[in-house]
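# Structural description and commentary
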Amino acid sequence: MSAGSHRVRSGGRIDRREPRAFSLDGRRLTGYRGDTLASALLAAGVAVVGRSFKYHRPRGFVTAGVDDPNGLFTLGTGGRAEPNAQGTVVQLTDGLRAASQNAWPSVRFDVGAINSWFAPVLQAGFYYKTFMGPTRRAWMFYERFIRRAAGLGAARHDPDPDRYETRHLFTDVLVIGAGPAGLSAALVAGRAGARVLLIEQDGLLGGTLLSDPVDGQTESWRVRLEAELESLPDVRILRHTTALGLYDGNTVILLTRRDHCAPDPVQGEALQIVTTVRAKTVIQSTGAIERPLVFPDNDRPGVMTASAVRTYLNRYAVACGRNAVVLTNNDSAYAAAFDLAPRIDRVTVIDVRRAIHPALATQAASLGVEVHAATAVTGVLGRTRVRGVTLTPIDGARGRSAACDLLCMSGGWSPLVHLSSHGGIKPRYQADSAAFVPGGYAPGHFGAGALTGRFSLGEAVATGWQAGVRAAADCGFERAAGEAPTLPEGAPWDTANHRIEPVWTLGGARAAKAAFVDFQNDVTVRDLEIAHQEGYESVEHLKRFTTLGMGTDQGKTSNINALAIMAGLRGIELAEAGTTTFRPPFVPARLGALAGRHVGRHFRPVRRSPLHAWHLGHGAEMIEAGPWLRPWYYRWAGQTVELAYLEEMRRVREAVGLSDVSTLGKIDVQGPDAAEFLDRLYVNGFARLPVGKARYGVMLNDAGTIFDDGTTTRLAETRYFMTTTTAGAAEVMSWLEFLAQTAWPELRVHVSSVTDEWAGIAVAGPKARAVLERALPGCDVSNDALPHMGCLEIEWDRVPVRLIRLSFSGELAYELYVPADYGTAFWEHLLSSGEPCGMRPYGLEALASLRIEKGHIAGAELDPRLTLNDLGLGRMARPEKPFIGRELAARPLLNVPERPSLVGIECLEPGPRLRGGAILFAASDEMKGHGRGYVTSVTWSPTLGKFIALGLYAGGLQHLGEEIVCAFPLYGERVRARITSPVFLDPKGERLHA
Amino acid sequence: MLERRSALESLAPPTGKGEGRPLVIGEVRGFALLQAAAFVGTVAALERAVRSALGVDLPKRIDAPRRANGICVFKTGPEQFLLVGPQDAQVASTEHAGLESSSHPAPLLAGDARLRRVGPEPVRPAGATEFWADTLREVVPSAMGSLTSLSHGRTRLFLEGAAAREVLSTGIAVDLHPEVFRCDAYALTGLEDTPVLLHRTDSQRYELYVLRTYAGWVWEWLTDAALPFGYEVVKKSHASLIVGPNVRA
């Protein structure tokens, strides 16, 4: 039957002309447009939709909303599979494939249900006591079985093909929840002229009004408000949108689900959108959820909250049973009874209260609804579906059983105080409504509607209107907003003052074992008693010991009942017990949604050199270096890095190569006090550096240890061109700005990053000068005109060029800087000029290896744990001038000769290789502990024909020539080596100065 | 002469004119950018110098730029300003006035006509290829402040069309409501962890000044953000839009 056996013929907000085919565990079913997965399953008569977490008891839907603890499904397959989707929230779409969870082989027959026979031992604390017990090993063994048996849906390893977005929105008034209170608030604020953002979790606006009969009196009010809101230009409405969390500064994170639109990621359509809203004011109109009652076997499929049954009936045209018992301690459940009465065979109200409002009694009588006052349900018959209940008078007389196929329960209402709690405000107990309400509101926040513990429709509209007026006024909009559209006269159950007599457990001693407080985590009254006996008195401890309130629903239906029962056990007032802390997110969110588009190539910003496109077009294999993409090696030199970098090195040592050094940090330092500024920064002096000269400099941090190094060139009396390491560029720039602006504001100096402005190209090798002579004919680059560390500023073909002679490789070398847009053309010009000399490009691997041969320090040696002396640079410092780090660098322990300091290491064995990070021992040492030092950089030296390394070794070059062992315990390797000078190549610098 | 190449050259080939599309994205080329900064106490002097050389005032606040004679000035810090002007052309001149020889006072070096010696002082430092920037250099001594050319260091993108605001809001945490971020407003902000200057140049047109080395990434990010709306890539060869009639002065 396509309509479903429980579908009512008329009414509801479903569209019977638009069927939706879907499947559950392969079973083909049909619902309608407007259904949720839950309503469609209930319409089809599917009662059991899952197995409980621990005992594998059969479970059905309890509620019709975001609070449902039981109806969790895995939707979709492969990378799209979404575990733990709430059937009560999922919009039914054509072709939806749902699978039930935590049951094998099926929810109807589940092997794991054997756990329920062991219920007495599986109670609270069982896992801790049994498996975490005397040895940790026990838990290691049992864990994998337990994790498989107890659990929710499983995460997938497949990549998620869907697209997720993040965005920022701003508004004057953010209204969270579009029930009667939220609609009123949004309307009045919108009329006043404020920018309003109204968000609603549901696909339709109206909140509880959507559960009223669609032809009822409130519908026209709802429709009118929605139409006017849609017509206001500065009111924006986001449906299918949930506030996940509220944060400082009126920042609210929203999650918008677009699953029902079947978005196509290839077209850029997002499945979910996370929005960061910054609002001037926030109106919380989040409403309230109905509490279950706690009595034996209250978890049987067919036991549902009264409001949920009413929602399924009026909104989805589903009668959840034909013979209903409504169990209540307050007036609101009568709404369900009265709406059900004309549509099903029989309705009986079991009210635990002695006195029933005359208006309710009169209407019940007129609808043929039997009402039993001062009576409780103390047991449920049926295992996979309710077949009857045990009714027991409150005064203790004997109970009797009564047949029914649906039990509606109402234990009162719990306002959704989560958002105010996210802001750090503890909920406050309001005794007359037996509910926790927000303990206050942050400045600019207002509460409205059921959230405030006032549950009638009239109060919702009134508090919403008031909140809207105040929020708009807070933003400076005081325009008169007219009258609220008048509401129809309220129904008796709505206006009967919502009297409630809280009862927290029914069924006495029998309640303990199988009266569930938390359905999702299988926590019973007995578990709470055990926690109490074990001395867990704080609600926070109770939660951790029993797992109550954990899981995907975070105890939305269970927390208040549990707290009340715990308070009862301790003999204290509920107000005194307090609540656990509600934390974001309010509903589970996909990690994909939080990541948004920060995936794949958009994961984080990537920096590209001005020469990037050239590299890609000319056989470069690129490598990530911090945020940069740099050429690792070029295919002209070999197909693998191992082959290519050696060939590239050989080219530099024997002829000439060119390399992209645009990634170096470049800082323009200008001003009358630029020289003084640099003198204070660097350990060595820059004030007396002549114009047109470059100097290598080292900076310490203010703790007196290594910060960064680089070459700085004096372009003019008042202008320097600083380069930093690629890795340290951003940090050095911030540090310089910090010093110039806060430490030394009296210095007239400006620092500006020009890293992006200039392309940098290194030309290195014995034929480097010949290349420049060809590339820049007429420019005198002789040793006299441009000696080592000299600089020329020239203009080539109208393009400014900074030509600095300096060397990282140890060869005769130059760095040429041109404005970035000219980088590629100038590189190509150099390359064609250098062709007769055999010039080819070389990549990062060769660059790094060339400098190891020369003993130049770089990334791995520029370690803030090290001192100038450790790196053999102590003589650079000019202690007669003040510089950053000078005083603290003099600390005695930083100057003991036993400190590990820079050495060269050469491999003594022909076969094995040295490895970066290897631990160094003296040949006679026992191989244990941290050794005497470690290898920082290593390479095969084609020049020397062996592995060489730089490293730090206790006592440093005092041990020159000694044999050591380089141990790499991870691979069980030990290699014999010898301490050498870190300068393996051209120690006199003849190549450099050639 | 050596060819200038955009950071986006290989990424953003123009696909059409973009007329009537919900979104047109592209790069603005042909402008020059100069950072001018004063020291504490020399802002007034710098302002006088800029006014005398270029005829434009410095803005007092970081909200909307000042502009005159083809130069647009953004305030970017307490004593720091960004001047955007035409590239290789005289201020306020609509014609390409053949300034190539006259704007280059540097002496020729012997040997090759293409080679000139420009540094060190007192000859102007390298990096300045714009005449108007040179004009300013002549009146700003180093004690008054500093001038730094950034013409190559920033890539200038634009987004134009009904969807522009929404696309930007996916990455920029600035309130772009038309009554808040009015025409000609600008903000120094971040787009997904990269620093940008965002300038609303018309009711549905925004420009972004992006660090050049991030430009490729930002381009890929923006075009991906624009995917659901559909877009076309258009090339604007000249920066006349700085003073275009669209902008409310």
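Treat the numbers as computed from the prediction; the structure is a model and nothing was measured. Each chain has its residues counted from 1, following the order in which its sequence is written. Each chain is given a letter, starting from A, and each ligand a number, starting from 1, according to the order in which they appear as written. This being a predicted model, a pLDDT of at least 70 is required before a residue's local features are given, and a value of 80 or more before pairs of side-chain atoms are given or counted; all residues contribute to the totals for chains, interfaces and linings.

### A word on the interface of chain A and chain B
A common way to report how large an interface is uses the accessible area buried once the components associate. We call two residues in contact whenever the C-beta atoms placed from their backbones are within 7 Å. At the interface, 62 residues of chain A touch 57 residues of chain B. Looking at the side of chain A that touches chain B, the elements with two or more residues in it are strand S8 (163-176), strand S29 (607-608), strand S33 (665-670), strand S35 (706-716), strand S37 (750-753), strand S39 (791-796), strand S40 (799-804) and helix H23 (823-834) of chain A. In this classification, the charged set is Asp, Glu, Lys and Arg, the nonpolar set is Ala, Val, Leu, Ile, Met, Phe, Trp, Tyr, Cys and Pro, and all remaining amino acids, among them Gly, are polar. Grouping the amino acids of the side of chain A that touches chain B by side-chain chemistry returns 25 nonpolar, 16 polar and 21 charged. Helical segments are the DSSP runs of H or I of at least four residues, strand segments are the runs of E of at least two, and each set is numbered from the N terminus.

### A word on the sheet that holds strand S6 (residues 82-86) of chain A
Residues and elements named next belong to chain A. Reading across from one edge, S2-S1-S7-S5-S6 is the order of the five strands in this open sheet, with mixed pairing throughout. Looking at the sheet topology across the chains shown, the edges are occupied by strand S2 (27-33) and S6. For this sheet the average axis-to-axis angle between neighbouring strands, irrespective of direction, equals 40°. In the sheet, strand S1 (residues 15-24) pairs with S2 via seven bridges, with the strands oriented antiparallel. From the neighbouring strand, Pro 19 faces S2, where its bridge partner is Tyr 32. Any two strands between which DSSP finds at least two bridges are classified as paired. Note on definitions: angles span 0 to 180 degrees between N-to-C directions of axes, and those axes are lines fitted to C-alpha atoms, for helices only across the stretch in contact.

### Quick word on the domain arrangement of chain A
Assigned domains of chain A: these are domain 1 (15-126), domain 2 (163-288 + 415-495), domain 3 (298-414 + 499-577) and domain 4 (896-994). Boundaries between domains were set according to an automatic or database domain assignment. For domain 2 of chain A and domain 4 of chain A, the distance between their C-alpha centroids amounts to 68 Å.

### Observations concerning the packing of helix H19 (residues 641-654) of chain A against helix H24 (residues 844-854) of chain A
All names here are of chain A. Following both chains from N to C, one finds H19 and H24 inclined at 60°, their axes separated by 8 Å at the closest point. If you check the angle between H19 and H24, you find them oblique. Between H19 and H24 lies a crossing of right-handed hand. Of the residues in H24, those touching H19 at Val 641, Tyr 645, Glu 648, Met 649 and Val 652 are Glu 845, Ala 846, Ser 849 and Leu 850. Taken together, the residues that form the contact of H19 with H24 break down as six nonpolar, one polar and two charged. Orientation categories follow fixed angle ranges, with anything under 35 degrees roughly parallel, anything over 145 roughly antiparallel, 65 to 115 roughly perpendicular, and all other angles oblique. Crossing handedness is read from the near helix: turned anticlockwise from the far helix by less than a right angle, it gives a left-handed crossing, and turned clockwise, a right-handed one.

### Points about the environment of His 157 of chain A
Residue and element names in this part refer to chain A. Inspection of the secondary structure assignment puts His 157 in the loop between helix H3 (136-149) and S8. Owing to 6 C-beta atoms within 10 Å, His 157 belongs among the exposed residues under this scheme. C-alpha of His 157 to C-alpha of Met 622: the two residues are 465 residues apart in sequence and 28 Å apart in space. Exposure is read from a count of other C-beta atoms within 10 Å of each residue's own; the residue is exposed at 12 or fewer, buried at 20 or more and partly exposed in between. C-beta atoms are placed from the backbone.

### A look at the nonpolar core
Generally speaking, soluble globular proteins have nonpolar side chains that are buried together. The biggest cluster of nonpolar side chains holds 167 residues, and the ones touching the most others in it are Val 173, Ile 283, Val 309, Val 326, Ala 337, Leu 407 and Cys 408 of chain A. When sequence neighbours within four positions are dropped, the list of residues in contact with Ile 283 of chain A reads Val 173, Leu 174, Val 175, Ile 176, Ala 185, Phe 446, Ala 448, Ala 467, Gly 468 and Ala 471 of chain A. Only buried residues count toward a nonpolar core: Ala, Val, Leu, Ile, Met, Phe, Trp, Tyr and Cys, linked into one set through C-beta atoms within 7 Å.

### Some thoughts on unusual backbone geometry
Phi is mostly negative for residues that are not glycine, and the peptide bonds are mostly trans. Residue and element names in this part refer to chain A. Across the junction of Pro 584 and Pro 585, the peptide omega takes the value -5°, indicating a cis bond. Mapped onto the elements of the fold, Pro 585 is located in the loop between helix H16 (574-577) and helix H17 (591-595). A positive phi angle, close to 45°, is found at Ala 262, a residue other than glycine. Among the structural elements, Ala 262 can be located in the loop between strand S12 (251-257) and strand S13 (270-284). At Thr 547, a position not held by glycine, the phi torsion is positive, near 65°. On the secondary structure map, Thr 547 appears in the loop between helix H14 (539-546) and helix H15 (559-570). A tally of 21 C-beta atoms within 10 Å means that Thr 547 is categorised as buried.

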